[in-house]
Amino acid sequence: MPGTLYVVATPIGNLDDLTPRAAATFGSVDFIAAEDTRVTLKLLNHLGLKKPLVSYYEHNLRERGQMILARILAGENCALCSDAGMPAVSDPGEVLVRDALAAGIRVVPVPAACACVSALAVSGQATGRFVFEGFLPTNRRQRAERLAALAGESRTMLFYEAPHKLRMTLDDLIAAFGSQRSVTLARELTKLHEEVVKTTLGEAAARYRDQAPRGEFVLVLAGADPAPPPGAEQTLEDAAETARALQAQGMAASAAAREAAKGSAFSKSEIYRLLAGGKGGGSPQS
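Not measured: the values here are computed from a predicted model. (Residues numbered from 1 in each chain as written. Predicted model: local features only at pLDDT ≥ 70, side-chain atom pairs only at ≥ 80, totals over all residues. Heavy atoms only, no water.)

Asks: With reference to specific residues and values, describe unusual backbone geometry.
Replies: Phi at A88 takes a positive value of approximately 80°, unusual for a residue other than glycine. In this fold, A88 is placed in the loop between β4 (78-81) and α4 (93-102). The phi torsion at T190 lies on the positive side, around 70°, for a residue other than glycine. Structurally, T190 can be placed in the loop between β8 (182-187) and β9 (195-200). For T190, a relative accessible area of 22% translates into the label partly exposed. (Helix = DSSP H or I, 4+ residues; strand = E, 2+ residues; numbered from the N terminus. Buried < 20%, exposed > 50% of the residue type's maximum accessible area, 1.4 Å probe, protein only.)

In structure tokens form, the structure reads like this:
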């Protein structure tokens, strides 16, 4: 009879957040699949446990995943964990869970801390509807396309960001959503230097021009205002301004015009002509 795959949340900073159920699960399983065995070993030492560990991370998913599933199908129980938070959420464990379910293996969540939900709860932003975007693509074109797709998003948006990329990300968010868009920066959640600041994108960018970002961030960004009432529709110049903002992020003029046309009353060619030589435009960037 197959064993069970337990998806176990671990603390995102404060070890006191480890639940008794998570500790009991680690103690009961036959082995643990960990994102980084060194990090998980420290947690097990804290609990006074010794368990076989198998590394399971982005670059060995196929090989290790098949081995882990084979052991579970043979009757062993496995606990899947990441370095921090809920595994399989913006995490390679997603693949193992998907393949386990496809193989008929029972998958059991053992929930606890999750950085994005914790940040949302203390953000002061609207929490009724939200969308989790995780880390934005590092490729400039892909990043611009992702942000363009979110241009009209009315739900609260959640992003993860590392300190060394925060300044660039804030600049890109300003280009996409404007400097006055409300944002909450949640930094080092549950840790000694935890900080939650509700501000605007422009003020956040100014703050970190003079102050080096430290720690891991969750950005909780307010959604767009509801669509304007009839009679206050977008103008062609408004659509062109959207396209210019996309160009400023590195998108080619043709692609920017195509993205700006989505959801507007104007065609790609109308917007492109305005970029090329109409009001407020010179030659478009290629």
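So that's the structure; there's more coming.
Asks: An account of helix α9 (residues 236-248) is requested, with residue identities and associated values reported.
Replies: One full turn of an α-helix is made of 3.6 residues, so residues set three or four places apart face in the same direction. Here α9 spans 18 Å end to end across 13 residues, near enough to the 18 Å set by a 1.5 Å rise per residue. What α9 keeps buried is the set A239, A240, A243, R244, L246 and Q247. In an axial view of α9, the angular spread of the buried residues amounts to 160°, which keeps them on one side of the axis. The inward-facing, buried residues of α9 contact α6 (140-149), α10 (253-261) and α11 (268-277). At the exit of α9 stands G250, carrying a positive phi of roughly 110°. (Expected span 1.5 Å × (residues − 1). Arc of directions from axis to C-beta. Contact = heavy atoms within 4.5 Å.)

Asks: Go over the pairing of strand β7 (residues 156-161), please, and point to the residues and values.
Replies: A large share of β7 lies buried, amounting to 6 of its 6 residues. Side-chain alternation along β7 places T156, L158 and Y160 on one buried face and M157, F159 and E161 on a second face that is also buried. Handedness of the crossover is the feature at issue here: the chain leaves strand β6 (residues 130-134), passes through α6, returns alongside β7, and the resulting connection is right-handed. In the sheet, β7 pairs with strand β10 (residues 217-221) via 5 bridges, with the strands oriented antiparallel. Its bridge partner lying in β10, Y160 is registered against V218. (Right-handed = clockwise from strand over helix to strand, strands pointing away. Pairing = 2+ DSSP bridges.)

Asks: Give a detailed account of the side chain of S82, specifying residues and quantitative values.
Replies: Mapping S82 onto the fold places it in the loop between β4 and α4. The exposure class of S82 is buried, given its relative accessible area of 3%. Among the polar contacts made by the side chain of S82, one reaches the main-chain carbonyl oxygen of A84 at a distance of 3.1 Å. Here S82 is in contact with T10, E35, P87 and D91, once residues within four sequence places are set aside. (Polar contact = N/O pair within 3.5 Å; in protein donor to acceptor, adjacent residues only side chain to side chain.)

Asks: Residues and numbers for helix α3 (residues 61-73), please.
Replies: Here α3 is 13 residues long and its end C-alpha atoms lie 17 Å apart, about the 18 Å a rise of 1.5 Å per residue gives. The complete set of buried residues in α3 reads G65, I68, L69 and I72. Buried residues of α3 fall within an arc of 95° about the axis and therefore sit on the same side. Elements in contact with the buried residues of α3: β1 (4-8), β2 (31-34), β3 (53-55), β4 and α4.

Asks: Please give an account of the nonpolar core that cites residues and values.
Replies: Core analysis: the biggest nonpolar cluster contains 19 residues, and F159, L173, F177, L185, L219 and L221 have the highest contact counts within it. If you list the elements that add at least two residues to this core, you get β7, α7 (166-177), β8, α8 (201-210) and β10. Filtering out sequence-adjacent residues up to four positions away, F177 remains in contact with L147, L150, A151, M157, L201 and L221. Counting 17 residues, the second-largest nonpolar core is a separate cluster that includes A9, I68, L96 and V97. (Core = buried A, V, L, I, M, F, W, Y, C linked by side-chain atoms within 4.5 Å.)

Asks: Any chance you could break down the pairing of β1 for me, citing the residues and the numbers?
Replies: For β1, a buried count of 5 out of 5 residues is recorded, marking the element as mostly surrounded by other parts of the structure. Pairing analysis gives 3 bridges linking β1 to β4, with the strands arranged parallel. Bridge pairing in β4 places V7 opposite L80.

Asks: Residue-level account of the side chain of Q249, with values.
Replies: The residue Q249 is located in the loop between α9 and α10 in this model. According to the relative accessible area criterion, Q249 is buried, its value standing at 6%. When residues no more than four places from it in sequence are discounted, the contact partners of Q249 are R140, A144, L147, D172, A175 and A176.

Asks: So, the pattern of salt bridges: which residues are in play, and what are the values?
Replies: Taken as a whole, this structure holds 15 salt bridges when the rule is applied. For E188, the salt bridge is made with K191, and the minimal N-O distance between the two is 3.6 Å. One connected set of salt bridges, linked through shared partners, spans R140, R143, E161 and D172. (Salt bridge = Lys/Arg side-chain N within 4 Å of Asp/Glu carboxyl O.)

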